[in-house]
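# A look at the structure
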Amino acid sequence: MTLLLAVNVAFAQNNLKIMSYNVRNGKGMDGVRDIERVAKVIKDAKADVVAVQELDSMTNRSGKKYVLGEIAALTNMHAEFFPAIEFDGGKYGIGILSKKRPVAVKGYSLPGREEKRGILVAEFNEFIFACTHLSLTEEDRMASLEIIGKLAQESSKPFYIAGDLNAVPDSGFIKGLEEKFTILSNVEELTFPADTPDRTLDYIAVAKVNEPKYREVTSKVIDEGMASDHRPVVVVAKKAFQKEESKDYTCTIDGIERRYMLYLPENLKPGAPLVFVLHGYGATCNLVEDKGFGAAADKYGFAVCYPEGSKDGRGNHSWNVGYPFQESMTVDDISFLEKLASKLQKEHNLSKKNTFCTGMSNGGEMCYLLAYSKQKTFRAVAPIAGLTMAWMPQQYKHTRAIPLFEIHGTQDRVSEWSGDLEDKGGWGAYLPVPDAVQYWVKRNGCTNETIEELPLRYPDSHKVIVHKYSDPKKGNDVWLYEVVNGVHSWFNEDMDTAEEIWKFFSKYLEE
C-alpha cells in the first residue's frame, strides 16, 4: 500500500533532532493505556521528527480513535500514518510526527511472517526521514534491508531511518545495516524492556549515500520506564558548515593586519543585519566557533562576522579588555570592531543601523567594553559567560543606554557568577554578574522585571531562569538568563543560544 501527500512547505535547518519511540499503542508497563503520558514524553523531547511504532487507528480496543492523531494534537505536530495490517476492526501500523509538514509521504510494505511490516518515508526539503518496525524473523529483516537500502540509494537527499528494528547490535542484520548506514544512536544504551532494559532494539541511522558531514552528534536513551515497554531514543545531529560557505579574510586596520571570517547566507537581502560573534580567550575565528549562528543567519537573513583577536604576550588570541597580563597590549579592539563593521557594511551592502555584537568569555568581556565605551556602531550587545571588569565603570563614568543580554552559569568557575573583586583567578578584579547586569538595568531606566523559566531543551538540561528588565520609555531592555548550575560554556545544551540571542537582537531592528 502506498500513500502520497504533496505539500509545498520548507523545512531547512542545520541541526536536526530525531526521536524513535515504540509506544505500544499507549500501554505502559503498569498495564494502563495512557496516550497523554506517551504524548508528554514526546513533547518534552522537543524533536523535529519522531518515528512512532505500534499504533492503532480506529480499532475497537482503542475506542475507534486515531491514536497518532491524538498524540499529534497533544504535541502540536503533524502526523502521517501507515497501516501495516488490518486489526480489530481498524488498522495497526507506524507513523511519523514532525514539526513541519512533509513535502511528500509514501508507505511501503515489508515482509513479516508473524504479521506484515512496513516502512513510512517522509520527504522534507532538506532530507528524507523513514520510520519502520521490522519483523521478529532475521530472514524477513534481511529481505527488508534490501528494500530499505534501495530506497536510500535512490534518494538525492540525506536519508535518515529510525525505528524498532527487533535486532540486537551484534546480529547479522545490524552488521548488514552498518554496511549501508551509519548508526547515529548509541547502541550501548539499552532500550527494552523499559523498566529494566537488557537489550537494544531501537535505532536511528543515516544512509552513507548523501550522508551529511556533522560537527557534532549526540545520542541519548530517555530514562522513561513506564509509559511504554520501550524507552525512546533521541539523536541530535549538528551539520558542519562547509568551508566554502564562509570566507576567510585579512585586512589592515589601524596599521595592524587582522583576520576575520564572514558568512553570507544565499539570497541575502540588501541592507541585511550584521552580527559579530567574538571568540573566547585563546580561540580563533575558525568556524568551530559558529555555535549555531550560521543556522540562525540562514533562517532569519543576517550576515555573521567572526573576527579574530590579536595575540597577547602569552601568544594567545584575545580581545584587549585590560586583563593584568595584557598590560603590554596596545591594540584598540573597540576601534578595530567599529572599523571592521563599517568596512563590511559598505562592501556587502549591510545595514549600518542593524549591527550587533555577541561573544563568549573574553568575547563577552569585549561586549561589555563596547557597551561602556559609548560606541555607536553596535545597536545591542549580548555577552555569554562575560564579565564586567572592575576598571570599566571606574574609567567610563558617563555611558549611554544600550540594550544588553547576558547568559551566565551559576557554577561557572572561570568567570564566577559571584565575581572576583580580589582577583583570585588572575583575570583581574571583576564584578558579580547580578551587579554587572543591574548597572545596565539602572542606566537604561528599566523599571519592570519579569521572571520566568525556559522550557528544558533536553531532559538533562540545566534550568534557565529568565530575568527581563524593560525600559518603558526608550525600549533599551536588559535580559539575564541565569543558567542554574551551568558552567563555562556557550550553553547550547541548555538552549538554542543563537536563537535566543537573535530573539533579543531582532527587537531592535530598524527600517
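Below you will find a few notes about this structure. Residue positions are given per chain, counting from 1 as you read along its sequence in written order. Local features in this predicted model are restricted to residues of pLDDT 70 or higher, and side-chain atom pairs are both shown and tallied only at a pLDDT of 80 or more, whereas totals for entire chains, interfaces and linings draw on every residue. Excluding hydrogens and water, the side-chain figures rest on all heavy atoms present in the structure.

## Things to note about the packing of aromatic side chains
A pair of Phe, Tyr and Trp rings is counted when the ring centres sit within 6.5 Å of each other, with Trp represented by its six-membered ring. The angle between the planes then sorts it: under 30 degrees is stacked, over 60 is edge-to-face, the rest tilted. All told, the structure shown has 30 aromatic pairs when counted by the stated rule. The interplanar angle of 45 degrees and the centroid separation of 6.3 Å between the aromatic rings of W391 and Y396 together place this pair among those described as tilted. Note on exposure labels: buried denotes an accessible area under 20% of the residue type's maximum, exposed denotes more than 50%, and partly exposed covers the range between, all computed with a 1.4 Å probe on protein chains only. On the accessibility criterion, W391 (25% relative accessible area) is partly exposed. Ring centres of F504 and Y508 lie 5.4 Å apart, and the angle between their planes is 65 degrees; this geometry places the pair in the edge-to-face category. For the pair F504 and Y508, one class covers both residues: buried. Charges are assigned to positions over rings by a cutoff of 6 Å between ring centre and Lys NZ or Arg CZ, combined with an angular limit of 35 degrees from the ring normal. Geometry around F336 places R258 over its ring, the cationic atom sitting 3.7 Å from the centre. A cation sits over an aromatic face here: K468 above W479, 4.2 Å from the ring centre.

## A word on the pairing of strand β20 (residues 381-384)
Sheet faces and side chains relate simply in a regular strand, where the side chains alternate between the two faces. Numbering goes from the N terminus for both helices and strands, where a helix is a DSSP run of H or I of at least four residues and a strand is a run of E of at least two. Alternating positions in β20 separate into two faces, V381 and P383 on one and A382 and I384 on the other, with burial throughout. The path from the first strand over the helix to the second decides the hand: if it runs clockwise while the strands point away from the viewer, the crossover is right-handed. Handedness of the β-α-β unit built from strand β19 (residues 350-360), helix α7 (residues 362-372) and β20 comes out right-handed. Whether two strands pair comes down to DSSP finding at least two bridges between them. Pairing geometry for β20 and strand β21 (residues 404-409), over two bridges, is parallel. Within the sheet, the bridge partner assigned to V381 lies in β21 and is L404.

## Some points on the side chain of T388
With respect to the helices and strands, T388 occurs in the loop between β20 and α8 (391-395). The contact rule is simple, with two residues in contact once any of their heavy atoms fall within 4.5 Å. Once you skip the residues sitting within four places of it in the chain, T388 turns out to touch Y368, Y372, P393, Y430, L431 and A436.

## Digging into the sheet that holds strand β6 (residues 117-123)
One open sheet accounts for six strands, arranged β5-β6-β7-β8-β10-β9; its pairing is mixed. In this open sheet, the two edge strands, each paired with only one partner strand, are β5 (104-110) and β9 (181-183). Sheet twist, expressed as the average angle between the axes of neighbouring strands with direction ignored, equals 20 degrees. Relative to strand β8 (residues 159-164), strand β7 (residues 128-133) runs parallel, the two sharing six bridges. Bridge pairing links A130 to I161 in β8. Across the face of the sheet, helix α3 (residues 138-154) comes into contact with β5, β6, β8, β9 and β10 (202-207) while running at roughly 160 degrees to β5. To obtain an axis, a line is fitted to C-alpha atoms, over the contacting stretch when the element is a helix, and the angle between two such axes runs from 0 to 180 degrees between their N-to-C directions. Strands β9 and β10 of the sheet are contacted by helix α4 (residues 172-180), whose axis makes an angle of about 115 degrees with β9.

## Quick word on the state of the cysteines
Any two cysteine sulfur atoms lying within 2.5 Å of each other are counted as a disulfide. Taken as a whole, this structure holds zero disulfides when the rule is applied. Not part of a disulfide, C285 finds its nearest cysteine sulfur in C305, a span of 8.4 Å.

## Here's the deal with the pairing of β10
Most of β10 is tucked away, with six of its six residues classed as buried. Judged by which residues are buried, β10 turns out to be covered on both faces: D202, I204 and V206 on one side and Y203, A205 and A207 on the other are all buried. Bridge count for β8 against β10 is five bridges, and the pairing is antiparallel. The residue bridging Y160 from the neighbouring strand is V206, located in β10. Judged from the three bridges that link them, β9 and β10 form a sheet pairing that is antiparallel. Of the residues in β10, the one forming a bridge with I183 is A205.

## Considerations on the packing of helix α6 (residues 333-347) against α7
Following both chains from N to C, one finds α6 and α7 inclined at 85 degrees, their axes separated by 10 Å at the closest point. The angle between the axes of α6 and α7 places the two elements in the roughly perpendicular class. Residue-level contacts link D333, I334 and L337 of α6 to M366, L369 and L370 of α7. Three residue categories are used. Nonpolar comprises Ala, Val, Leu, Ile, Met, Phe, Trp, Tyr, Cys and Pro, charged comprises Asp, Glu, Lys and Arg, and polar comprises the others, including Gly. For the contact of α6 with α7, the per-class residue count stands at five nonpolar, no polar and one charged. When an angle is under 35 degrees it counts as roughly parallel; over 145 it counts as roughly antiparallel; between 65 and 115 it counts as roughly perpendicular; any other value is oblique.

## Overview of unusual backbone geometry
The peptide bond linking F192 to P193 adopts the cis configuration, its omega dihedral lying at -15 degrees. With respect to the helices and strands, the residue P193 is situated in the loop between β9 and β10. A positive phi angle, near 60 degrees, is found at S361, a position not held by glycine. Tracing the backbone shows S361 in the loop between β19 and α7. Given the relative accessible area of 10%, S361 is considered buried. In the Ramachandran plot, N485 falls in the positive-phi region, its phi being about 70 degrees despite a non-glycine side chain. Note on placement: N485 falls in the loop between β24 (478-483) and α10 (497-505).

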